[in-house]
Amino acid sequence: MTLSTSSTTSLDALRAGDLAALGAAVAGPVLQPGDPGFAEEIGGFNLAYTPAAAAVVGATSTDDVAAAVRYAAAPHGLAPLSGSSSQVGVVGYTTGGGLGPMARRYGFAADHVRRFTIVTADGMVRDVSEHGQGPDADLFWAVRGGKGNFGIVTEMEFDLVPVTRFVGGALMFGADDAAAVLHAWREWAPGLPEDTTTSVALLRLPPDPALPEPVRGRFVVAVRFTHLGSAEEGAALLAPLRAVAGPVLDTSADMPYPAIDAVHMDPVDPMPMWDRGTALSALPAEAVDALLAVAGPQADVPLAMVEIRLLGGAIARRPEVPNAVASRSPEPGIRSPGSAACRPGRCGDRMSGRDQ
Ligand SMILES: Cc1cc2nc3c(=O)[nH]c(=O)nc-3n(C[C@H](O)[C@H](O)[C@H](O)COP(=O)(O)OP(=O)(O)OC[C@H]3O[C@@H](n4cnc5c(N)ncnc54)[C@H](O)[C@@H]3O)c2cc1C
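Here is what the cut-offs are and how they apply
- Residues numbered from 1 in each chain as written.
- Predicted model: local features only at pLDDT ≥ 70, side-chain atom pairs only at ≥ 80, totals over all residues.
- Near = placed C-beta within 6 Å.
- Helix = DSSP H or I, 4+ residues; strand = E, 2+ residues; numbered from the N terminus.
- Nonpolar A, V, L, I, M, F, W, Y, C, P; charged D, E, K, R; others polar.
- Pairing = 2+ DSSP bridges.
- Axes fitted to C-alpha atoms, helices over the stretch in contact; angles between N-to-C directions.
- Contact = placed C-beta atoms within 7 Å.
- Buried ≥ 20, exposed ≤ 12 C-beta atoms within 10 Å, placed from the backbone.

1. Description of the site of the ligand
Near the ligand there are 20 residues, and of these Gly83, Ser84, Gly89, Gly92 and Gly148 occur at the shortest range. Of all the elements in the fold, those that place two or more residues in the shell around the ligand are α4 (90-95) and β6 (152-158). Residues belonging to the shell around the ligand are distributed by class as follows: six nonpolar, twelve polar and two charged.

2. A look at the sheet that holds strand β4 (residues 113-119)
If you trace the three strands from one edge of the open sheet to the other, you get β5-β4-β6, paired in antiparallel fashion. The sheet is open, and its two borders are formed by β5 (125-129) and β6, each paired with just one other strand. The average undirected angle you get between the axes of adjacent strands in this sheet is 15 degrees. Strands in contact with helix α6 (residues 134-146) are β4, β5 and β6; relative to β5, the strand with the most contacts, it is inclined by about 80 degrees.

3. Some remarks on unusual backbone geometry
Within the chain, Lys147 stands out as a residue other than glycine whose phi angle is a positive 55 degrees. By the element assignment, Lys147 lies in the loop between α6 and β6. For Lys147, a count of 18 C-beta atoms within 10 Å puts it in the partly exposed group. The backbone of Met265 sits at a positive phi, close to 50 degrees, despite the residue not being glycine. Locating Met265 in the fold gives a position in the loop between α9 (261-264) and α10 (285-295).

Below you can see the structure in the form of structure tokens.
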């Protein structure tokens, strides 16, 4: 079965030179009104609704969708609410909630979806949006957070956010400073403004020559952060953490939004994973000690990463049109999901599946 997804731009004017650049960035065709195939590519089942677009990309892959979104968004000062890695599938990420590096300011990606076209288990094609009634309204609620359980999404329309740049990156600390940094992060993070999103990860990095020497093959604690205010504000916010210990690597910088993947530096190639997350109602000092005991530098565990993300802010607020995303906290403080990925070949029978 072949599925194709169409990503459309609604820009009034696209210059031919720009479109050539987009064409070079995607594998599928880039078509304008009047081009052979344009009407077929943009048309859906529902003839009552034909999107207006200055161009359409006949996307053949996730990468095509990502390239088209970035292309359409960036010149207009807009950005998609991607996750720690923009390489993952946009539909699975968004329908699963989508908790990204600007989440405390803008909430979950699923909170910003306007419309889906979805094929449900009865073989029917349904257009569901905030304007739907009855079962369609329920379906629109469920798909935003309920992942792939309600059908196959063939189109998705979502809002972009007005972001062109951020100050962010990772402060990486050595194993000797793990306890001090983790305890400091626990006290520091809840006081941050909503324009700042952060997580702290215990990483067991492979001896990959592509990694910078100070962290290659080492255990490190990575404090990831993004701040949507000025570089000076970002530096001031980070100062208390820098005072705790000297990082072995500091990648923080003022960056354009398309560089957002540099914050988490997730692997870009597909890999075996075992991934679980949970929400915490609080993160007391005892919990940090317990985490260090089982996943800290002295522990013998096969986990490549254990991460605690700071929630609160917009993550805790229900969107205007409610959805099925769970783990919202009414409090601005910490409710922290953790996630873990196994080092290849070290998870044994626990790697029978991947929890998305
Ligand atoms: C490196 C990495 C970093 C990540 N970072 C984050 C993060 O920061 N925040 C976060 O929230 N998540 C994050 N995730 C989780 C990620 O959002 C999910 O794993 C997502 O489903 C990614 O999809 P995929 O490309 O791995 O697989 P896909 O093949 O795209 O799909 C995975 C699942 O999504 C569902 N799905 C996909 N396409 C459709 C469709 N068209 N219709 C219906 N259901 C569909 C299905 O259930 C499918 O089994 C990360 C994952 C990885 C591997």
